[in-house]
Amino acid sequence: MTADPPALFASAAEHYARFRPWYPDEFFALLADRFCLDGTQAAMDLGCGPGMSALPLAPHVARLYAIDPEPGMLAAGARLAAERGITNIEWVNGDSTQITTLGLPLVDLCVMAKSFHWLDRPRVLADLDTLITPGGGIVIASAGPPGTTPLPAWAPVIAQIRTAYLGPVRRAGTGTYPEPEDRFTDTLRRSPFSHVELTSLDQRVTRDLDQLVGLQLSNSYSTPAQLGDRLDAFTRDLRRALLDHDPSGLYDEVIRTEVLIATRPGRSTTP
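Residues numbered from 1 in each chain as written. Predicted model: local features only at pLDDT ≥ 70, side-chain atom pairs only at ≥ 80, totals over all residues. Heavy atoms only, no water.

(A) A look at the pattern of salt bridges. Within this structure, the stated rule accounts for 11 salt bridges. Asp 202 serves as the salt-bridge partner of Arg 256, at 2.7 Å between the closest nitrogen and oxygen. Residue Arg 256 is found in strand 9 (residues 250–263), and its partner Asp 202 is found in strand 8 (residues 195–208); the two are separated by 54 residues along the sequence. With its nearest N and O atoms 3.4 Å apart, the salt bridge here joins Arg 236 to Asp 237. The network of salt bridges with common partners includes Arg 236, Asp 237 and Arg 240. (Salt bridge = Lys/Arg side-chain N within 4 Å of Asp/Glu carboxyl O. Helix = DSSP H or I, 4+ residues; strand = E, 2+ residues; numbered from the N terminus.)

(B) Looking closely at the pairing of strand 2 (residues 63–68). Of all six residues in strand 2, five are buried; the element is thus mostly enclosed. Bridging between strand 1 (residues 42–46) and strand 2 involves five bridges; their strand directions are parallel. Paired with Asp 45 across the two strands is Ala 66, which belongs to strand 2. In this sheet, strand 3 (residues 89–93) lies alongside strand 2 in parallel orientation, the contact comprising five bridges. Each residue of the ladder has a partner; that of Ile 67, found in strand 3, is Val 92. (Buried < 20%, exposed > 50% of the residue type's maximum accessible area, 1.4 Å probe, protein only. Pairing = 2+ DSSP bridges.)

(C) Main features of the side chain of Arg 264. Here Arg 264 shows up in the segment after strand 9. Take Arg 264: its relative accessible area is 13%, and that puts it in the buried class. A polar atom in the side chain of Arg 264 sits 2.9 Å from the side chain of Asp 129. From its side chain, Arg 264 meets the backbone oxygen of Thr 133 in a polar contact 2.8 Å long. Residues contacting Arg 264, with those up to four places away along its chain left out, are Leu 128, Asp 129, Ile 132, Thr 133, Pro 134, Gly 136, Pro 192, Phe 193 and His 195. (Polar contact = N/O pair within 3.5 Å; in protein donor to acceptor, adjacent residues only side chain to side chain. Contact = heavy atoms within 4.5 Å.)

Dropping the structure here:
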């Protein structure tokens, strides 16, 4: 059984917005350059969460449609947009199976950050072929996908506590984490957006103890809903184990963001 993403992230929305790492500025500069974004285009952030891609991308386009099935994520994103004075985002409650029925206009760019692995990928790509302008494309960004960068020294500490509370299987909601059967590049190359380019961006992040613990509660396999009445004990034991590992209370990590840019053959995004 796989997870139901809306229910899965309902209890994690605030932790997601506060503790997930934001994408580096270089990511949005790359998109602006590759798709010639000059403030006149329309874009979509599919599976937007609290807007961690939508908010930095919005200044580069005229209109941005941020779509997510979880109202709590949309509310968090709308609040952040208001705090930053960003007014050109439309927050849309819907999921990937509904994008052709939401009444959206054509868009020049669709961004999917850490949402693509949750979707019916071939269907979504076929649907996006009807919604993206001829010269437009798709961008998939994954911050810290497994195996792309060495694990930080504190990662086994967290894994040990998580396993003690939630078991060795990486769970997600009432099911298990849906590991993709194909590499994203292979899925894209079988789609209408078969011209694929890969770029990697590295950023160094230092978190304090509260931030690192809060990050765990944003993950699909260790949300507050997953932990239930064991939440307080989990956070207590996790804090103790991390401080035993490094009493400084500061934890470094290098995060690699892999960026896949996919366009239709013969439709180069280069100016």
